[in-house]
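# Tertiary structure, described
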Amino acid sequence: QLPMESSAVGRIDARLDALDADVPWARGTATLSGGTVTVTFADLVPADVVVLASHKLIAGTPGFITYAVSSDKITFTSSDGGDDSDFDYVVFRPA
């Protein structure tokens, strides 16, 4: 388990801090429950975005995290329904 600052997501997150304010992006930590969680983005409509996710704290049986975008939400799903892990994510729209 790596702190966000040490993880690949954390390194990308730090670089996004330095980007021009015109590049829309969001970051956070979410917790899977039964292998899934949906995150809503009030200020970022997640169309044509790049999504990065990395396990932060393993709970249950970890799997591979995938995602599906719809409207103002992204649903993250683990390949294992027993995954209740915390994970960091970064979402951004390339310029």
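Cut-offs applied
Residues numbered from 1 in each chain as written. Predicted model: local features only at pLDDT ≥ 70, side-chain atom pairs only at ≥ 80, totals over all residues. Heavy atoms only, no water. Helix = DSSP H or I, 4+ residues; strand = E, 2+ residues; numbered from the N terminus. Buried < 20%, exposed > 50% of the residue type's maximum accessible area, 1.4 Å probe, protein only. Contact = heavy atoms within 4.5 Å. Areas by Shrake-Rupley, 256 points an atom, 1.4 Å probe, with all protein chains shown as cover. Polar contact = N/O pair within 3.5 Å; in protein donor to acceptor, adjacent residues only side chain to side chain. Pairing = 2+ DSSP bridges. Axes fitted to C-alpha atoms, helices over the stretch in contact; angles between N-to-C directions.

### Looking at the overall build of the protein chain
- Each helix and strand in the protein chain was counted, giving one helix and six strands.
- Mapped in sequence order, the helices and strands of the protein chain form the string α-β-β-β-β-β-β.
- In the protein chain, which comprises 95 residues, the proportion classed as buried is 33%.
- For the protein chain, restricting intrachain contacts to residue pairs at least 6 apart in sequence, the fraction spanning at least 24 positions comes to 70%.
- Summed over all atoms, the accessible surface of the protein chain reaches about 5400 Å², with 53% contributed by carbon and sulfur.

### A short note on the environment of T36
- Structurally, T36 can be placed in strand β2 (residues 36-40).
- Residue T36 is classed as partly exposed on the basis of its relative accessible area, which comes to 35%.
- Setting aside its immediate chain neighbours within four residues, T36 contacts T31, T75, F76 and T77.
- At 3.2 Å, the side chain of T36 and the backbone oxygen of F76 are in polar contact.

### Section: the side chain of S78
- In this fold, S78 is placed in strand β5 (residues 73-78).
- Residue classification places S78 among the buried residues on the basis of a relative accessible area of 7%.
- In this structure the side chain of S78 is engaged in a polar contact, spanning 2.9 Å, whose partner is the side chain of D83.
- Setting aside anything within four residues of it in sequence, one finds S78 in contact with L32, G35, P62, G63, F64, I65 and D83.

### Considerations on the sheet that holds strand β6 (residues 86-92)
- Strands sit in the order β1-β6-β3 across an open sheet of three strands; the sheet is antiparallel. Every other strand in the sheet has two partners, leaving β1 (25-31) and β3 (50-57) as the edge strands with one partner each. With strand direction ignored, the average angle separating the axes of adjacent strands in the sheet is 15°.
- Bridge count between β3 and β6: seven bridges; the pairing is antiparallel. Considered in β6, the bridge of L52 is made with V90.

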